[in-house]
Amino acid sequence: MIAKMTGSPLKPKSLAGRIFVSVLSFVLVTLVAVSLVLTGLFYLSSSSEVEDDLMRQARDAAAVLAAAPNDEAAAQELDVQFDGEMRYTLINAEGDVLFDSDADESAMENHATRPEVVQARERGEALSVRYSATLGTDTVYAAVALDNGGVVRLSESRASLVAFMGNMVVPTIVIVVLVAILAFVVSRLLTKHIMKPINALNFASPLENEIYEEMDPLLFRIDEQQRQLKQQNIELAQAESMRRDFSSNVSHEMKTPLQVISGYAELMKNDMVDPADRRKFAELIYEEAQAMRSLINDVLTLSRLDETTLHQSDAKAIDLSALARRVRMRLESFAADQVVRIRVTGDPAYIMGNETMAEEMMYNLLENGIRYNRPGGEVNVTVMREPAHASGVFGEGGPMEAPNGLVVVRVSDTGRGIPEQYRDKIFERFFRVDKSRSKETGGTGLGLAIVKHTVLYHHGTIEVDSEEDKGTTFTLRFAAVDPAAKELEN
């Protein structure tokens, strides 16, 4: 981009071209304006001098005529005085032309009404200028009244203002050409001087450049964009790493059940299994298939959460208290097998969201509390409302907007708890605190990842508080909606 800007000065996007056009335009406008003003002033000044000189000579001619004994002697005196260089005319009191140095006076019309003659008789002397369209010149007349009632008039032709300016065209064109050449050279040199520090900019560290202060806003924007790009690159790298890890983990998690299924199926196919053990092998194959099914379902759920966002048109009012009770009923059989009791308390509390995803979130939390509990333990679910200011909740985008307050869900269990060093990792995909024990309990390692993604999907927050050998509590907070919003379901 910068290289292009130093190219042909006539290119519209060229800095040199823009400087050239700007300088040339400014100089030309200034030159024309100054030339017109100076030409006008010079013309007026020279015209004034010519008029004053002509009037002085007219007075001298009147003095000569006054001293001459007769008109013939006066004419001879005037011939000697002006030596044919000045036209003079002698007019009597009646306006008849007695003598004219350039024309036949007998053929001339009466001059009694000529402006300069009338004014000279009234004021003693007069000056008049008349323009000749044919010749394109001005004729200046200076008339002085004589004692005998006559008038002596001198006249001289001069170029008109238009003609005078026309004579300036050629010099002006020469000056314009010289100015254009000078503007071209100056624009190239000026562009080179301006662009030198710009071409030396270090865009890797925009704010470290010392350059024109007018460039600061641009450098700030470049720096901001670079920081955003770096952040995006980091996020993309993390996402790519997560994708690779996820793919690797999915492959690893599916490899074991597939090997078990394949191995047992091959034994059964080759009649290498005692008929008494066939049921046992079929149950093992079924369990591994169910484990794969759960894994696939969780993977699909996470993929859906990664690719979608919550739209108001897709949302409906959800009573998390009723939803928790519904999930408890679904897990009663599993809880009984694990000798764990589930209790749900709380009043109706509504949020806006996707009911299927919210139920999946609650199911995973409760199932996780049952699966990693101890025999005779408990899972307690509490759903309540609280004012937004009471908790000062901050989501990923800043303070949570909750004009109707918050819905708080707490899921507590009496299990083994989570060691402190693992509490920041439990929401990672396929992370297990105790992998050997997790294999025994049958978890996929994706449950809490799904919970966290679902919470973020609903613009909520999640916290974990755990103490080893005493249990774990998950606290979820969402923006509440008024119970009347339940009508939005329809």
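Refer to the structure printed above.
Along every chain, residues carry numbers that run from 1 in the direction the sequence is written. Since the coordinates come from a predicted model, pLDDT governs what is reported: local features require at least 70, and pairs of side-chain atoms require 80 or more to be given and counted, while whole-chain, interface and lining totals use all residues. The side-chain quantities take in all heavy atoms of the structure and omit both hydrogens and water.

**So, the overall build of the protein chain**
Applied cut-off: Strands are runs of DSSP state E lasting at least 2 residues, helices are runs of H or I lasting at least 4, and numbering of each runs from the N terminus. Burial here depends on accessible area, computed with a 1.4 Å probe over protein chains only, as a share of the maximum for the residue type. Under 20% is buried, over 50% is exposed, and the range in between is partly exposed. Only heavy atoms enter the contact rule, under which two residues are in contact if any of them lie within 4.5 Å. Method for areas: the Shrake-Rupley scheme with a 1.4 Å probe, in which residue coverage is limited to the protein chains shown.
Along its length, the protein chain carries 13 helices and 14 strands. Looking at the protein chain as a whole, 36% of its 490 residues qualify as buried. Long-range pairs, those at least 24 residues apart, make up 64% of the contacts in the protein chain between residues at least 6 apart in sequence. With an accessible surface of roughly 29200 Å², the protein chain has 55% of that area assigned to carbon and sulfur atoms.

**Concerning the packing of helix α10 (residues 355-371) against helix α13 (residues 447-457)**
Rule in force here: Axis definition: a line fitted to C-alpha atoms, over the contacting stretch in the case of helices. Angles run 0 to 180 degrees between N-to-C directions. Each crossing is labelled by how the near helix is turned from the far one, with a counterclockwise turn of less than a right angle marking it left-handed and a clockwise turn marking it right-handed. Polar here means any residue other than Ala, Val, Leu, Ile, Met, Phe, Trp, Tyr, Cys and Pro, which are nonpolar, and Asp, Glu, Lys and Arg, which are charged; Gly is therefore polar.
Relative to each other, α10 and α13 sit at 145°, their axes nearing to 9 Å. For the crossing formed where α10 meets α13, the hand is left-handed. Residues Met357, Ala358, Glu360, Met361, Asn364, Leu365 and Asn368 of α10 pack against Gly447, Leu448, Ile450, Val451, Thr454, Val455 and Tyr457 of α13. Here the contact of α10 with α13 is composed, by residue class, of nine nonpolar, four polar and one charged.

**Focus on α10**
What counts here: One less than the residue count of a helix, multiplied by 1.5 Å, gives the span that helix is expected to have.
Taking 1.5 Å as the rise per residue, α10 with 17 residues should run 24 Å; its terminal C-alpha atoms sit 24 Å apart, in good agreement. Those residues of α10 that sit buried are Met357, Ala358, Glu359, Met361, Met362, Asn364, Leu365, Leu366, Glu367, Gly369, Ile370 and Arg371.

**Quick notes on the side chain of Asp100**
This is how the line gets drawn: Distance and chemistry together define a polar contact, namely a pair of N or O atoms within 3.5 Å, with one atom able to donate a hydrogen and the other to accept it when in protein, and with adjacent residues in sequence counting only for side-chain atoms on both sides.
With respect to the secondary-structure elements, Asp100 resides in strand β2 (residues 97-100). At 2.5 Å, the side chain of Asp100 forms a polar contact with the side chain of Thr89. When residues no more than four places from it in sequence are discounted, the contact partners of Asp100 are Arg87, Tyr88, Thr89, Glu105 and Met108.

**Considerations on a negative patch on the surface**
Quick note on the threshold: Patches draw on residues past 30% relative accessible area with no salt bridge. Two like charges within 9 Å are joined, as are two nonpolar side chains (Val, Leu, Ile, Met, Phe, Trp, Tyr) within 5 Å. Each reported salt bridge corresponds to a side-chain nitrogen of Lys or Arg within 4 Å of a carboxyl oxygen of Asp or Glu. This count recognises Lys and Arg as positive and Asp and Glu as negative, with His and chain-terminal groups excluded. Where a charge sits is defined by one atom per residue type, namely NZ (Lys), CZ (Arg), CG (Asp) or CD (Glu).
Judged by side-chain charge, Glu420, Asp424, Glu428, Glu468 and Asp469 come together as a negatively charged surface patch. The topology assignment puts Glu428 in the loop between β12 (406-413) and α12 (435-441). The class for Glu428 is partly exposed, based on a relative accessible area of 42%.

**Structural notes on the sheet that holds strand β14 (residues 471-479)**
The test is simple: The criterion for strand pairing is that DSSP finds at least two bridges linking the strands in question.
Strand order in the open sheet formed by five strands is β7-β9-β12-β14-β13, and the pairing between neighbours is mixed. Edge positions in the open sheet fall to β7 (341-346) and β13 (461-467), since each of these has one partner strand only. The sheet shows a mean angle of 15° between the axes of neighbouring strands, taken without regard to direction. Here seven bridges tie β12 to β14, and the two strands are oriented antiparallel to one another. Following the sheet pairing, Val411 is matched in β14 by Phe474.

**Focus: a nonpolar patch on the surface**
A cluster of nonpolar residues, Val169, Val170, Ile173, Val174, Val177, Leu178, Ile181, Phe184, Val185 and Leu189, forms a patch on the protein surface that exposes about 900 Å² of accessible area. On the secondary structure map, Ile181 appears in helix α6 (residues 169-199).

**Some details on helix α4 (residues 115-123)**
Note the threshold: This arc is built from the directions going out from the helix axis to the C-beta atoms.
Residues of α4 that are buried include every one of Glu116, Val117 and Ala120, and no others. Take α4 and look down its axis: the buried residues cluster within an arc of 100°, on one side only. Facing away from the buried side of α4 by more than 90 degrees, the exposed set consists of Glu122 and Arg123. Once α4 finishes, Gly124 follows within two positions and takes phi at roughly 100°, a positive value.

**With respect to the nonpolar core**
Across soluble globular proteins, nonpolar side chains show a tendency to be buried alongside one another. Note the threshold: The definition of a nonpolar core used throughout is a set of buried Ala, Val, Leu, Ile, Met, Phe, Trp, Tyr and Cys residues joined through side-chain atoms within 4.5 Å.
Ranked by internal contacts, the top residues of the largest apolar core, which has 35 residues, are Leu366, Val409 and Leu476. Those elements giving two or more residues to this core turn out to be α9 (320-337), β7, α10, β9 (378-386), β12, α13 and β14. Apart from residues lying up to four places away in sequence, Leu476 is in contact with Met361, Leu365, Val407, Val408, Val409, Val455, Thr461 and Ile462. The next biggest cluster of nonpolar side chains, apart from the first, holds 16 residues, and it includes Leu78, Val140, Leu146 and Val152.

**Details of the pairing of β12**
The side chains of a regular strand alternate, residue by residue, between the two faces of the sheet. β12 sits mainly inside the fold: seven of its eight residues count as buried. Pairing between β9 and β12: eight bridges, direction antiparallel. Each residue of the ladder has a partner; that of Arg385, found in β12, is Val407.

**A short note on unusual backbone geometry**
The backbone of Val339 sits at a positive phi, close to 55°, despite the residue not being glycine. Relative to the elements of secondary structure, Val339 occurs in the loop between α9 and β7. Here Val339 falls in the partly exposed class, since its relative accessible area comes to 48%. The backbone of His459 sits at a positive phi, close to 60°, despite the residue not being glycine. Residue position: His459 is located in the loop between α13 and β13.

**Points about the pattern of salt bridges**
In this structure the tally under the stated criterion is 19 salt bridges. A salt bridge links Glu355 to Lys316; its shortest N-O distance comes to 3.2 Å. With Glu355 in helix α10 and Lys316 in strand β6 (residues 316-319), the pair connects residues that are 39 residues apart, well separated along the chain. Residue class for Lys316 comes out partly exposed when judged on its relative accessible area of 26%. A network of salt bridges, in which partner residues are shared, links Lys316, Arg326, Arg330, Glu355 and Glu359.

**Let's talk about the environment of Met329**
Position of Met329 relative to the elements: it lies in helix α9. Separated by 13 residues in sequence, Met329 and Ile342 have C-alpha atoms that sit 9.3 Å apart.

**Some points on the packing of helix α2 (residues 15-67) against α6**
Relative orientation of the contacting elements α2 and α6 amounts to 140°, with a least axis distance of 8 Å. Judged by the twist between their axes, the crossing of α2 over α6 is right-handed. On α6, the residues touching Leu15, Ala16, Ile19, Phe20, Val23, Leu24, Val27, Leu28 and Leu31 of α2 are Ile175, Val176, Val179, Ala180, Ala183, Phe184, Ser187, Arg188, Leu190, Thr191, Ile194 and Met195.

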